[in-house]
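Structural characterization, general
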Amino acid sequence: MDSNLLVQYGPALLRGFGVTILCWAAGCAIGMALGFVIMLLRQIEVKPLRWLLRAYIEVIRGTPFLIQLFLLYSGGPAIGLRLEATTAGILGLGIYGSAYFAEIFRAGFQAVPKGQVEAAHSLGMPYGGILRRVILPAMLVSTVPALVNMMAILTKETVVLSIITVPELMYEMQTMAAETFASFETILGMALFYWLLVEAVSRLGRRMEARVTRFLSHPSNARA
Amino acid sequence: MAITESPAAATATQRSAPAAEPTPMVTIRGVSKAYGPNVVLRDIDLTVNKSEVVCLIGPSGSGKSTLLRCINFLEVYDRGEIRIEGQLVGYSDTTPRRRLSNAQLRGLRRNVGMVFQQFNLWPHMTALENVAEALVQVRGMDKGAAADRARQMLARVGLADKADSYPSRLSGGQQQRVAIARVIAMEPHLMLFDEPTSALDPELVGEVLQVMRDLAADGMTMVVVTHEMGFAANVADRVAFLDRGRIAAFGPPREVFHESPDPRLTQFLQTYHERNSF
Ligand SMILES: Nc1ncnc2c1ncn2[C@@H]1O[C@H](COP(=O)(O)OP(=O)(O)OP(=O)(O)O)[C@@H](O)[C@H]1O
Ligand SMILES: [Mg+2]
């Protein structure tokens with residue numbers, strides 16, 4: 001990319017980068033919150049509810065994100081849901097992620113050692129407290145790798161938001177490419193950039209994992 | 001490991017005359033339980049008086065854990081009744097009986113402590129935090145007071161210096177003692193032990209049994225599922241031998257161990273002697 005282009009499009013690309021990060025972070029937050037609630041609801045033994053949640057997860061995981069996003073953004077107004085592009089993008093990303101996060105949380109929930117929960121019950125602890133102080137921390141340990149992996153996948157999915165004109169990085173880049181007949185190198189540069197982003201998220205995730213599993217280290221394998 | 005002053009010490013003197021107690025700590029009457037077609041408990045009757053130590057022994061699968069877990073309703077019993085200090089466990093005292101709400105169950109469980117074979121400490125909390133947690137959540141103590149009390153309890157089981165260690169840094173025996181501290185911090189009226197030393201290396205069994213002996217000497221009411229026949233013989237006031245879901249022998253340890261005519265019990269004890277006699 002020559003320096004003229006950079007001066008001309010730099011600010012737009014930077015803004016685009018900001019929007020990408022915003023959509024990604026907000027989408028992850030919504031996806032995890034929603035996924036966690038879905039996981040909790042799935043513990044309730046009511047047939048229609050279980051069936052509904054199961055269908056939700058199957059449909060979300062079984063259809064392309066692009067189509068879901070289209071439905072939400074273009075089909076939304078038909079049911080009175082008129083969303084601004086960025087809002088729709090964030091919400092879409094959150095919904096898409098929620099199905100995967102729900103499954104990750106479910107596996108984590110099932111992996112919580114039963115005895116740890118029984119011990120809490122036998123001490124008379126209330127369920128909310130057990131969930132917060134015993135189950136959640138145990139889940140965190142077993143789910144962090146999968147959560148980070150899903151978050152890294154979602155960084156890549158943000159490019160899809162450009163289809164519904166969310167002014168994120170990919171969108172700005174396409175604009176630039178269209179206006180300047182940008183070279184193959186530019187596109188390659190963008191690919192490299194997303195790769196770096198995913199790498200950064202993964203690295204952060206590994207740090208997080210080391211942090212939440214700190215207490216598990218046995219003296220024999222502890223770092224000096 | 002000396003256990004110092006204890007509020008329960010005064011009741012220890014009553015041990016010589018448990019029959020005089022008006023309300024027994026635990027009364028089990030006609031309790032049965034089945035998992036599908038598999039009948040695990042058959043018409044169990046058992047009374048545990050205050051400050052008494054009752055050991056449950058018996059072969060694997062005879063229903064010892066199930067019976068113990070029914071006492072604090074970690075396991076639901078189908079028929080019969082279990083009472084703790086007169087209060088019906090798990091059900092309303094009406095006919096027909098209804099299952100208690102979770103809040104009511106919690107009220108009952110705060111007076112009953114349980115120690116598990118696998119310790120079941122919370123690995124993301126230090127020893128101190130493990131002991132303090134329920135004090136905050138169940139007893140409503142503030143963090144500082146709970147930590148102080150947790151420290152005292154750890155000292156009582158000889159682990160004052162391990163307060164800030166995570167369970168993964170403790171030996172099995174130390175972990176089990178933290179688990180006991182976690183329970184006694186709640187000042188339970190009754191303690192249930194499910195094979196508390198079975199997961200321990202042999203050289204660590206003694207330290208846990210010593211803590212339990214001290215508790216018994218302080219007048220704690222205890223129901224102990226164990227394979228430690230020495231402990232049962234020396235510490236228990238009475239021993240119950242479970243066999244295929246039935247109490248096949250019950251009485252003072254000397255009677256059960258030496259005078260019972262039950263052939264299954266003789267056989268059970270025989271395998272023990274053989275295993276421990278080389
Ligand atoms: N959750 C369960 N579902 C079905 N069957 C069970 C369950 N828990 C226990 N059982 C069965 O109940 C019977 C009694 O089990 P229990 O664990 O009470 O025996 P135990 O005397 O404690 O044996 P051990 O010495 O091996 O611990 C066994 O036949 C066991 O298979
Ligand atoms: Mg058992």
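Here the structure is shown first, and the text comes after it.
Values in this document were obtained by computation on a predicted structure and should not be read as measured data.

What counts and what doesn't
- Residues numbered from 1 in each chain as written.
- Chains lettered and ligands numbered in written order.
- Predicted model: local features only at pLDDT ≥ 70, side-chain atom pairs only at ≥ 80, totals over all residues.
- Heavy atoms only, no water.
- Contact = heavy atoms within 4.5 Å.
- Buried area = accessible area lost by both parts, 1.4 Å probe.
- Salt bridge = Lys/Arg side-chain N within 4 Å of Asp/Glu carboxyl O.
- Polar contact = N/O pair within 3.5 Å; in protein donor to acceptor, adjacent residues only side chain to side chain.
- Helix = DSSP H or I, 4+ residues; strand = E, 2+ residues; numbered from the N terminus.
- Nonpolar A, V, L, I, M, F, W, Y, C, P; charged D, E, K, R; others polar.
- Pairing = 2+ DSSP bridges.
- Phe/Tyr/Trp six-rings, centres within 6.5 Å; stacked < 30°, edge-to-face > 60°.
- Buried < 20%, exposed > 50% of the residue type's maximum accessible area, 1.4 Å probe, protein only.
- Near = heavy atom within 4 Å.
- Areas by Shrake-Rupley, 256 points an atom, 1.4 Å probe, with all protein chains shown as cover.
- Patch = residues over 30% accessible without salt bridge, like charges linked within 9 Å, V, L, I, M, F, W, Y side chains within 5 Å.

**Points about the interface of chain A and chain B**
- Taken together, the 25 residues of chain A in the interface contact 25 residues of chain B.
- Across the chain A/chain B interface, buried area totals approximately 2,200 Å², and carbon plus sulfur atoms make up 59% of it.
- Considering only the surface of chain A that becomes buried against chain B, A:Ser122, A:Leu123 and A:Phe215 emerge as the three largest contributors, covering 31% of it.
- Connecting chain A to chain B are two salt bridges.
- Ionic pairing is found between A:Arg133 and B:Glu133, a salt bridge with its closest N-O pair at 2.7 Å.
- Put simply, chain A and chain B have five residue pairs in polar contact (both at pLDDT 80 or more) between them.
- Among the elements of the structure, helix 5 (114-122) and helix 6 (127-157) of chain A are those that each provide at least two residues to the side of chain A that touches chain B.
- Sorting elements by how many residues they give to the side of chain A that touches chain B places helix 5 of chain A first, with eight residues.
- Split into classes, the residues belonging to the side of chain A that touches chain B amount to 13 nonpolar, eight polar and four charged.

**Notes on the sheet that holds strand 5 (residues 87-88) of chain B**
Residue and element names in this part refer to chain B.
- Across the sheet, four strands lie side by side as 2-1-4-5; this open sheet has antiparallel pairing. Each edge of the open sheet is held by one strand with a lone partner, namely strand 2 (38-48) and strand 5.
- Taken together, the seven bridges between strand 1 (residues 26-35) and strand 2 define a ladder with antiparallel strand orientation. The partner of Lys-33 across the bridge, within strand 2, is Leu-41.

**A closer look at the packing of aromatic side chains**
Residue and element names in this part refer to chain A.
- Enumeration over the complete set of coordinates arrives at nine aromatic pairs over all chains.
- Here Phe-65 and Tyr-96 contribute two aromatic rings whose centre-to-centre distance is 4.8 Å and whose plane-to-plane angle is 35 degrees, an arrangement assigned as tilted. Of this pair, Phe-65 sits in helix 3 (residues 65-75) while Tyr-96 sits in helix 4 (residues 85-111); the two residues are 31 residues apart in sequence, bridging distant segments of the chain.
- Among the residues examined, Tyr-96 registers a relative accessible area of 8% and is labelled buried.

**So, the environment of B:Ala216**
- Looking at the secondary structure, you find B:Ala216 in helix 6 (residues 202-217).
- Considered as a pair, B:Ala216 and B:Asp237 are 21 residues apart in the sequence and their alpha carbons are 10.0 Å apart.

**Considerations on the environment of B:Thr226**
Residue and element names in this part refer to chain B.
- Relative to the elements of secondary structure, Thr-226 occurs in the loop between strand 8 (221-225) and helix 7 (229-235).
- Considered as a pair, Thr-226 and Ala-127 are 99 residues apart in the sequence and their alpha carbons are 25 Å apart.
- Setting aside residues up to four positions removed in sequence, Thr-226 forms contacts with Cys-55, Leu-56 and Ile-57.
- Side-chain polar atoms of Thr-226 contact the backbone nitrogen of Glu-228, separated by 2.9 Å.

**Considering the pattern of salt bridges**
- Using the criterion set out here, one finds 21 salt bridges over all chains in the structure.
- Notably, a salt bridge pairs A:Glu103 with A:Arg106, separated by 3.6 Å at the nearest N-O pair. Remark: A:Arg106 and A:Glu103 occur in helix 4; sequence separation between them is three residues, near one turn of the helix.
- Among the salt bridges present, the one from B:Arg244 reaches B:Asp243, with a minimum N-O distance of 3.2 Å.
- Accessibility expressed as a relative area gives 52% for B:Arg244, which makes it exposed.
- Counted as one network, the salt bridges with shared partners bring together A:Arg42, A:Arg61, A:Glu103 and A:Arg106.

**Focus: helix 5 of chain A**
- Burial within helix 5 of chain A is extensive, with seven of its nine residues counted as buried.
- When helix 5 of chain A is considered as a whole, its buried residues turn out to be A:Gly115, A:Gln116, A:Val117, A:Glu118, A:Ala119, A:Ala120 and A:Ser122.
- Where helix 5 of chain A is buried, its residues contact helix 6 of chain A together with helix 1 (64-71), helix 2 (102-109), strand 6 (112-115) and helix 5 (172-184) of chain B.
- One or two residues past the end of helix 5 of chain A sits A:Gly124, with phi positive at roughly 85 degrees.

**What to know about the site of ligand 1**
All names here are of chain B.
- Near ligand 1 you find 13 residues, and of these Ser-60, Gly-61, Lys-64, Ser-65 and Thr-66 are the closest.
- Here an oxygen atom of ligand 1 and a backbone polar atom of Ser-62 are 3.2 Å apart.
- The side chain of Ser-65 places a nitrogen or oxygen atom 2.7 Å from an oxygen atom of ligand 1.
- Protein contacts shield 59% of the accessible area of ligand 1, which totals 630 Å² for the unbound molecule.
- Secondary-structure elements contributing two or more residues to the shell around ligand 1 are strand 2 and helix 1.
- Top contributing element to the shell around ligand 1 by residue count: helix 1, with three residues.
- Across the shell around ligand 1, the residue classes break down as three nonpolar, eight polar and two charged.

**Details of a nonpolar patch on the surface**
- A surface patch of nonpolar side chains, amounting to about 460 Å² of accessible area, comprises A:Leu66, A:Ile67, A:Phe70, A:Leu71 and A:Ile163.
- With respect to the helices and strands, A:Leu71 occurs in helix 3.

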